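Listed below, chain by chain, are the residues.
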Amino acid sequence: MHAAAPTDAPYFRQQAKASDALPLPLYLTNGVFFTLFFSVAYFLLQRWRDKIRYSVPLHVVSVSELAALVALVASTIYLVGFFGIDFVQTIISRPSDDEDDDLVVPNPNNKGTDGPALIDRFIVEEESCRRPSGVGVHSGSKSSSTDMSTNLLSVEDEEVVSSVVARKTPSYSLETLLGDCRRAAAIRRAALERVTRKSLEGLPLEGFDYESILGQCCEMPVGYVQIPVGIAGPLLLDGKEYSVPMATTEGCLVASTNRGCKAIYMSGGATSVLLKDEMTRAPVVRFGSAARAAELKFFLEDPLNFDTVATIFNRSSRFGRLQSIKCGIAGKNLYMRLSCSTGDAMGMNMVSKGVQNVLDFLQLNNFPDMDVVGLSSNFCSDKKATAINWVEGRGKSVVCEAVITEEVVRKVLKTSVEALVELNTLKNLVGSALAGALGGFNAHASNIVSAIYIATGQDPAQNVESSHCITMMEPINHGKDLHVSVTMPSIEVGTIGGGTQLASQSACLNLLGVKGANKESPGTNARKLASVVAGSVLAGELSLMSAIAAGQLVQSHMKYNRSTKDISKIASS
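Residues numbered from 1 in each chain as written. Predicted model: local features only at pLDDT ≥ 70, side-chain atom pairs only at ≥ 80, totals over all residues. Heavy atoms only, no water.

A closer look at the overall build of the protein
- When you go through the protein residue by residue, the secondary structure sums to 21 helices and 11 strands.
- In the protein, buried positions account for 41% of the 573 residues.
- Element-wise, carbon and sulfur atoms account for 58% of the exposed surface of the protein, whose accessible area totals about 30,700 Å². (Helix = DSSP H or I, 4+ residues; strand = E, 2+ residues; numbered from the N terminus. Buried < 20%, exposed > 50% of the residue type's maximum accessible area, 1.4 Å probe, protein only. Areas by Shrake-Rupley, 256 points an atom, 1.4 Å probe, with all protein chains shown as cover.)

Put into structure tokens, the structure is as follows:
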């Protein structure tokens, strides 16, 4: 391994230039030699004219004329070198593809010849200087050598990088200007390193389809972050087995969830029930008076008017169907929480379009004095822990349960039913109440939700409300067996749109059998994914609570969540 470059040093080492040895800045040096060249040329031409006029031999020169000739030759050499050699060098130093194919790699076993080895080392060093970023030279790595050859910046790319650094070309417009998303990412990355003087080595550039994220997933990319994906399972849920992909950097998480899956499997599996499937959006509007705002509230809550509003809303999509409207008033401001089904999409864009149609309809008809303050008012509520999501639900509301036999609790979970029930009451219920938790009556639901969301291309920020969960544990069958359940009212997932279309995330959805839209029964795939999330949370809760009850939490984390490598040796290598 090689030590990382200091963060305060520029990553690009430029090729040596003659101007690097000049004692003055380049523009001053050029000015001096330009002035010198034209001055001595004018002086010599004047002397030449005088000698011809007075019949003086041209080869007879004075000391001043000799000095002028030397100055003329010196300035000529400098100017020719400055404008000519650099141009010629850029041509002859770029080997063609055919010349690359003819390069002979020296035999590493030939120790008697230093020349080829020295040449090979020089080539590697030169290529490493010209490499844009994120591509390290690792011995024996085919992918690294491929990245090195494909990421060399051409003369044309260098010009674009310089333009971006000089702020003449906006970084965000590179994809449009170049028509090549991968090339745009490489140029933006090189410009970023030069401006910040920080290296991005270690952040991969190659191996990603940048076309797939253009205009929908990420703007101004410079690479991608690698997150390992582990598999927990099989999770036996509703009579089917699922291998659950979890993208995480937290050691012990996948192993713990896997143990919970094993306990559920050995006890006959878990069952889930979908309670509700409604995505919400809540605009805020203002009237001249509270009475006028109340009129709209009563209008929207009247069943006779709901069908009309629903018809307007449903025109926005083939799958979006308005389910209900809930209103809240604060003075003369009215908050309208519209809930709708969204098929297999998570549905935020879908419901937003429908809400906009409804607002336009209301303004054009019965409420022209309505002032739309904002399409979203936080009464929805998106990406925030709120009571309305905890009570009313948002997205998919799911309850998942399982009965774990006494034998499995003892042999697999290494604890007892009595200890689990007591711990759940004192930790997840009483402890969370003392902390003033809002939807956080669980051990670590967000751990599992986040890992599955990242692996399957969901919006990680929606982990906030999607992790609302209450975990219940009760003894049954005269205290021998354990009934465990999780109730999650706000699981926001989709199997189409957004990050679900990326290759890696799509593969994880395919592993679960929920990739894309279900053409036969729209919405089935998204609902199934929500059930898998709840079932996985159930497994994770069961395993972590058992580890705490058995006093194994610290021991397991020290085993699975701590690196055994000597960091000091790695840093010095």
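Describing the pairing of strand β1 (residues 229-237)
- Pairing of β1 with strand β2 (residues 240-247), which is carried by seven bridges, proceeds in the antiparallel orientation. In the sheet register, Leu237 faces β2, and the bridge partner there is Lys240.
- With antiparallel pairing between neighbouring strands as the criterion, β1 and β2 make up a hairpin whose turn holds two residues, including Asp238 at a positive phi of roughly 55°. (Pairing = 2+ DSSP bridges.)

Points about the layout of surface pockets
- Approximately 1,300 Å³ is the volume attributed to the second largest pocket.
- Looking at the second largest pocket, it is lined by 42 residues, and the ones nearest its centre are Cys217, Gly457, Gly499, Leu502 and Gln505.
- Looking at the lining of the second largest pocket element by element, the count peaks at four residues for helix α18 (residues 503-512).
- Here the lining of the second largest pocket is built from residues that sort into 22 nonpolar, 16 polar and four charged. (1 Å grid on protein atoms, 1.4 Å probe; cavity = no way out; pocket = protein on both sides within 12 Å on 5 of 7 lines; lining within 4 Å. Points joined across faces, edges and corners; volume = space filled by probe spheres on them. Nonpolar A, V, L, I, M, F, W, Y, C, P; charged D, E, K, R; others polar.)

Structural notes on the packing of helix α9 (residues 253-266) against helix α19 (residues 524-549)
- In contact at an axis separation of 7 Å, α9 and α19 are set at 100° when each is read in the N-to-C sense. If you check the angle between α9 and α19, you find them roughly perpendicular. Every residue of α19 that contacts α9 at Ser256, Thr257, Arg259, Gly260, Cys261, Ala263 and Ile264 is listed here: Gly535, Ser536, Leu538, Ala539, Gly540, Leu542, Ser543, Leu544, Ser546 and Ala547.
- A class-by-class count of the residues in the contact of α9 with α19 yields eight nonpolar, eight polar and one charged. (Axes fitted to C-alpha atoms, helices over the stretch in contact; angles between N-to-C directions. Parallel < 35°, antiparallel > 145°, perpendicular 65-115°, else oblique. Contact = heavy atoms within 4.5 Å.)

Re a nonpolar patch on the surface
- A cluster of nonpolar residues, Leu45, Trp48, Ile52 and Leu58, forms a patch on the protein surface that exposes about 440 Å² of accessible area.
- For Trp48, a relative accessible area of 46% corresponds to the partly exposed category. (Patch = residues over 30% accessible without salt bridge, like charges linked within 9 Å, V, L, I, M, F, W, Y side chains within 5 Å. Salt bridge = Lys/Arg side-chain N within 4 Å of Asp/Glu carboxyl O.)

Topic: the packing of aromatic side chains
- Enumeration over the complete set of coordinates arrives at nine aromatic pairs.
- Centre to centre, the rings of Phe287 and Phe367 are 6.1 Å apart; their planes meet at 70°, and the pair counts as edge-to-face. Residue Phe287 is located in the loop between β4 (284-286) and α10 (290-301), and its partner Phe367 is located in the loop between α12 (348-364) and β7 (371-374); the two are separated by 80 residues in the primary sequence.
- Taken together, the aromatic side chains of Phe34, Phe37 and Phe38 make up a single cluster linked through ring pairs. (Phe/Tyr/Trp six-rings, centres within 6.5 Å; stacked < 30°, edge-to-face > 60°.)

Let's talk about the pairing of strand β10 (residues 469-476)
- As judged from the two bridges shared by strand β9 (residues 440-441) and β10, these two strands associate in the parallel manner. What sits directly across from Phe441, in β10, is Ile470.
- Joining the antiparallel neighbours β10 and strand β11 (residues 481-491) is a turn of four residues, in which Asn477 adopts a positive phi near 55°.

Considerations on the confidence of the model for the protein
- Of the residues in the protein, 80% have a pLDDT of 70 or more, and the chain-wide mean is 85.
- pLDDT under 50 marks residues 1-16. Its contacts with residues more than four places away, or in other chains, come to 34 contacts.
- Every residue in residues 93-150 scores below 50 in pLDDT, and together they form 53 contacts with partners more than four places removed in sequence or on other chains. (pLDDT = per-residue confidence, 0-100.)

Let's talk about the side chain of Ser352
- Within the element layout of this structure, Ser352 appears in helix α12.
- At 3.3 Å, the side chain of Ser352 and the side chain of Arg281 are in polar contact.
- Dropping the residues within four chain positions of it, Ser352 is found in contact with Arg281 and Leu375. (Polar contact = N/O pair within 3.5 Å; in protein donor to acceptor, adjacent residues only side chain to side chain.)

Re unusual backbone geometry
- Following Gly233, the chain continues into Pro234 via a peptide bond in cis, with omega recorded as 10°.
- Along the chain, Pro234 turns up in strand β1.
- In the segment running from Cys380 into Ser381, the intervening peptide bond is cis, with an omega of 5°.
- With respect to the element layout, Ser381 can be found in the loop between β7 and α13 (387-392).
- Positioned with a positive phi, Asp238 is a non-glycine residue whose angle comes to about 55°.

Side note on the nonpolar core
- Met246, Ile404, Leu482, Ile491, Val537 and Leu542 are the most contacted members of the largest nonpolar core, which totals 51 residues.
- With 10 residues, the single largest contributor to this core is α19.
- Counting residues in each nonpolar core, the second largest holds 29 residues, with Val285, Phe299, Met346 and Met348 among its members. (Core = buried A, V, L, I, M, F, W, Y, C linked by side-chain atoms within 4.5 Å.)

Overview of the pattern of salt bridges
- Inspection of every chain in the model, using the stated rule, returns 18 salt bridges.
- When the shortest N-O distance is used, the salt bridge between Arg292 and Asp369 registers 2.9 Å. One end of the pair, Arg292, is in helix α10; the other, Asp369, is in the loop between α12 and β7, with 77 residues separating them in the sequence.
- One salt-bridge network, held together by shared partners, links Asp382, Lys383, Arg394, Asp459, Glu465 and Glu492.

Topic: helix α15 (residues 417-434)
- A rise of 1.5 Å per residue sets the reference length of α15, with its 18 residues, at 26 Å; its end C-alpha atoms lie 24 Å apart and thus fit the reference within 8%.
- Considering bend angle alone, the principal kink of α15 is centred on Asn424 and spans about 25°.
- Of the residues making up α15, those classed as buried are Val417, Leu420, Val421, Leu423, Asn424, Asn428 and Ser432.
- Looking at the buried positions of α15, the neighbouring elements they touch are α14 (406-411), β9, β10, β11 and α19.
- At the C-terminal side of α15, Gly436 shows a positive phi close to 70°. (Expected span 1.5 Å × (residues − 1). Bend = angle between axes of the 7 residues up to and from the residue.)

Quick word on the packing of helix α16 (residues 445-456) against α18
- Where α16 contacts α18, the axes come no closer than 6 Å and their chain directions differ by 115°. When the axes of α16 and α18 are compared, the pair comes out roughly perpendicular. Along the contact surface, α16 presents Ile454, Ala455 and Thr456, while α18 presents Ser504, Gln505, Cys508, Leu509 and Leu512.
- Considering only residue class, the contact of α16 with α18 consists of five nonpolar, three polar and no charged.

Section: the environment of Ala507
- Structurally, Ala507 can be placed in helix α18.
- Assessed through its relative accessible area of 45%, Ala507 is described here as partly exposed.
- Taking the C-alpha atoms as reference, Ala507 lies 8.1 Å from Thr456; in sequence the two are 51 residues apart.

Brief notes about α18
- Considered for burial, the residues of α18 that qualify are Gln505, Ser506, Cys508, Leu509 and Leu512. For α18, the angular spread of the buried residues around the axis is 160°, confining them to a single face. In α18, the exposed positions that point more than 90 degrees away from the buried face belong to Ala503, Ser504 and Asn510.
- Against the buried residues of α18 lie β1, β2, α16 and α19.
- Downstream of α18 by one or two residues, Gly513 has phi in the positive range, about 80°. (Arc of directions from axis to C-beta.)

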